[in-house]
Amino acid sequence: MASSGEDMTSADVEAPDTMAPDATAETGGSVHLLGFSDEILLHILSHVPSTDLVVNVRRVCRKLAALSLDKSLVHTVLLQKDYQASEDKVKQLVKVIGREIQQLSMAGCYWLSGSTIEHVARCRGLVKMNLSGCHLTSLRLSKVLSALQQLRSLAIDVSPGFDASQLSSECRATLSRVRELKQTLFTPSYGVVPCCASLQKLLLYFEILDRTREGAVLSGQLMVGQSNVPHYQNLRIFYARLAPGYINQEVVRLYLAVLSDRTPENLHAFLISVPGSFAESGATKNLLESMARNVALDALQLPKSWLNGSSLLQHMKFNNPFYFSFSRCTLSGGHLIQRVINGGKDLRSLASLNLSGCVHCLLPDSLLHKAEDDIDSSILETLVASCCNLRHLNLSAAHHHSSEGLGRHLCHLLARLRHLRSLSLPVCSVADSAPRADRAPAQPAMHAVPRGFGKKVRIGVQTCSGPFAGHQPSSAFWSLLKNLPFLEHLELIGSNFSSAMPRNEPAIRNSLPPCSRAQNVGDSEVAAIGQLAFLQHLTLAQLPGILTGSGLLSIGLQCQQLQSLSLANLGMMGKVVYMPALSDMLKHCRRLKDLRLEQPYFNANAQFFQALSQCASLQRLCLVSRSGTLQPDAVLAFMARCLHLVVCHMFTGESLTTCKSLQQSLLRSFQAERPALNVVIFPLLHEGLTDVIRDVPMVHLDEITLFKSRVAEEPPNLWW
């Protein structure tokens with residue numbers, strides 16, 4: 001039933017006089033959309049952005065006016081990635097349905113002003129609110145929270161200038177009732193944590209840079225004098241993710257200090273994600289020992305230096321674990337079986353496992369083994385049998401080579417995990433066998449070959465006898481994908497791959513050579529990915545065996561649900577061999593929203609942008625190319641055709657003058673009609689790149705600008 005809207009004014013609820021009357025069920029003998037039942041119409045309307053429902057759909061006719069304000073549609077409002085949500089639309093939405101909203105996410109709405117965000121205070125029934133990435137001062141936050149007495153879940157940013165002393169008593173009263181807090185720190189601070197006396201879930205994201213724009217060195221000592229008594233007694237989930245930099249480690253230690261004094265007895269998940277080394281201190285050692293004695297965990301992730309060489313895992317108690325991450329740890333196969341799986345213990349509750357960078361985790365215990373040696377298939381077999389309900393598995397950043405033997409290949413064993421929805425593998429792990437010097441790479445069926453007097457067959461569908469022409473049906477990788485038809489997220493990443501754009505550092509000028517076995521993974525294996533009809537996210541990085549990229553066309557034709565695509569370093573370095581195939585592929589990617597392309601010497605020319613403009617749903621584009629070039633006129637024409645594009649990041653070999661001129665032209669031409677437009681055009685190897693990157697909205701920096709493996713990166717459903 002449609003909501004009657006008793007809490008709103010009649011002017012807000014009633015259809016304007018200009019509305020059309022309810023349409024009849026049939027028009028000219030055909031069934032009209034409004035002839036469907038209310039249940040079906042509500043399901044259709046649930047896929048329409050909330051701002052469109054309020055501003056546009058409800059003005060069509062009286063029936064849609066009533067349905068658009070149904071409680072099932074206005075109870076939860078998600079504005080993140082609604083890039084057309086302008087200031088006026090958001091204000092109108094809050095005015096019309098503000099009192100009905102119970103859950104509101106404005107995460108990443110960086111384009112909205114603080115004064116517009118302040119209107120959220122009218123949504124007095126809010127129980128959950130996500131304002132991560134929004135511009136809020138301490139005073140505005142205080143005003144908003146003072147009005148939200150029902151709030152129990154909150155996500156905010158803590159930016160330079162935050163002052164907890166400016167929070168009113170009403171605001172503090174609201175915070176005292178908050179049970180879930182997600183806090184992203186851009187400055188050394190406790191934020192609002194000390195005000196939250198009822199915390200059960202605490203998520204901390206540390207994004208503090210070591211230096212200010214002026215070059216001043218930051219220190220955690222800035223937190224001295226702030227309230228430093230976090231209330232952890234009711235805590236069930238503690239999660240901390242750190243960006244690179246010593247200051248983030250210094251600040252997280254201050255948060256952990258209270259935990260080390262008294263471990264919450266109801267703690268079920270303890271996760272700390274740290275890039276690089278993070279030395280264990282006396283306080284953290286006491287904390288881990290206390291956890292081993294007093295709690296049984298469901299989820300665990302620790303810095304690699306806390307686990308390496310430690311017997312900690314032997315003493316930890318687990319209840320029904322659903323998430324483990326041992327990323328970058330020196331975990332041997334024996335330790336994995338004995339300390340994690342407990343000799344083959346039933347771990348059917350485990351849904352997500354991250355073993356990225358664990359180069360020895362599938363090798364037997366021995367000091368003589370090298371990371372490139374063949375895996376012990378019995379270790380993987382035990383893992384698969386024990387964790388049979390895994391939905392997310394990450395084995396990237398390692399060499400997991402399979403030996404010759406029927407049914408013992410890594411792909412054959414992983415094929416038993418029928419519940420997998422996301423999977424990340426090193427490229428070399430899917431190769432059928434080690435490369436032989438006397439055998440050249442197999443030629444795929446869809447690449448250009450000489451015919452007659454030097455003529456070539458154009459790359460495209462005409463040369464295919466079927467969607468998987470060129471693949472090898474007997475290959476282990478093909479068999480794996482055949483057995484995982486519902487896979488939604490797949491990553492094939494070279495074990496030695498590193499992006500040219502690391503975080504908070506200058507661009508990388510040189511890269512490590514790919515694993516020799518990766519040469520055996522080429523166009524036919526890529527074509528096999530076309531079997532995944534439900535695939536939404538695909539990453540292919542450092543595949544030197546790509547000859548023409550012909551397998552990309554199979555993906556474009558068959559993977560019609562594909563929403564995000566990341567390609568990096570395909571084929572031999574120094575040559576972009578797959579441009580024609582990529583152009584053919586893009587013509588079929590109607591639902592593609594995000595494209596990240598990293599390739600040295602890439603020529604972003606008119607042909608490329610013409611093909612890309614056929615991706616009607618494209619919203620974000622990131623191009624990273626050392627010594628690459630671009631055509632400014634082609635970029636401008638592409639932007640004009642691609643109406644939904646709001647993120648255009650290009651880091652190439654062009655001069656600073658060319659980059660600045662193009663960036664200004666794009667902003668001048670399209671900023672007014674695209675409020676969320678974010679354009680960054682900059683030379684990749686310029687010394688000022690780090691300063692430019694720091695201005696990119698975090699939602700884009702984290703999701704598309706920077707390369708990383710995302711499978712099992714965090715526990716599933718960590719935040720709503």
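Residues numbered from 1 in each chain as written. Predicted model: local features only at pLDDT ≥ 70, side-chain atom pairs only at ≥ 80, totals over all residues. Heavy atoms only, no water.

For the rest of this paragraph, the subject is the packing of helix H19 (residues 551–558) against helix H20 (residues 579–586). Relative orientation of the contacting elements H19 and H20 amounts to 5 degrees, with a least axis distance of 8 Å. For the element pair H19 / H20, the angle class is roughly parallel. Where H19 abuts H20, its residues Leu552, Leu553, Ile555 and Gly556 lie against Leu582, Asp584 and Met585. When grouped by side-chain class, the residues that make up the contact of H19 with H20 number 5 nonpolar, 1 polar and 1 charged. (Axes fitted to C-alpha atoms, helices over the stretch in contact; angles between N-to-C directions. Helix = DSSP H or I, 4+ residues; strand = E, 2+ residues; numbered from the N terminus. Parallel < 35°, antiparallel > 145°, perpendicular 65-115°, else oblique. Contact = heavy atoms within 4.5 Å. Nonpolar A, V, L, I, M, F, W, Y, C, P; charged D, E, K, R; others polar.)

Checked against the element boundaries, Pro426 lands in strand E15 (residues 422–426). For the pair formed by Pro426 and Ser396, sequence separation is 30 residues and the distance between their alpha carbons is 4.7 Å. Excluding residues that lie within four positions of it along the chain, Pro426 makes contacts with Leu395, Ser396, Ala398, His400, Leu492, Ile493 and Ser495.

Turning our attention to the layout of surface pockets. Size it by volume and the second largest pocket reaches roughly 1300 Å³. In terms of lining residues, the second largest pocket is bounded by 43 residues, among which Pro275, Arg328, Phe707, Lys708 and Ser709 are the most central. Sorting the residues of the lining of the second largest pocket by element identifies strand E9 (237–242), strand E10 (269–273) and helix H25 (698–705) as the ones contributing at least two each. Here the lining of the second largest pocket gets 3 residues from one element, more than from any other, and that element is E9. Looking at side-chain class alone, the lining of the second largest pocket contains 19 nonpolar, 15 polar and 9 charged residues. Split by domain, the residues of the lining of the second largest pocket number at least three in each of domain 1 (136–315) and domain 2 (479–503 + 515–704). (1 Å grid on protein atoms, 1.4 Å probe; cavity = no way out; pocket = protein on both sides within 12 Å on 5 of 7 lines; lining within 4 Å. Points joined across faces, edges and corners; volume = space filled by probe spheres on them. Domains from an automatic or database assignment.)

Counting across every chain of the model gives 15 aromatic pairs. Seen from their ring centres, Phe278 and Trp306 are 5.6 Å apart, and the 25 degrees between their planes marks the pair as stacked. You can see Phe278 sitting in the loop between E10 and helix H11 (282–294) and its partner Trp306 sitting in helix H12 (residues 304–307), a full 28 residues away along the chain. Accessibility classification places Phe278 together with Trp306 in one group, the buried group. (Phe/Tyr/Trp six-rings, centres within 6.5 Å; stacked < 30°, edge-to-face > 60°. Buried < 20%, exposed > 50% of the residue type's maximum accessible area, 1.4 Å probe, protein only.)

Let us look at the packing of helix H22 (residues 632–641) against helix H23 (residues 656–670). One way to put it is that H22 packs onto H23 with a least axis distance of 11 Å and a crossing angle of 20 degrees. Of the possible angle classes, the one that applies to H22 and H23 is roughly parallel. The two elements H22 and H23 cross, and the hand of that crossing is right-handed. Across the interface between the two elements, Pro632, Val635, Leu636, Met639 and Ala640 of H22 pack against Thr658, Leu662, Ser665, Leu666 and Phe670 of H23. When grouped by side-chain class, the residues that make up the contact of H22 with H23 number 8 nonpolar, 2 polar and no charged. (Left-handed = near helix turned anticlockwise from the far one by under 90°.)

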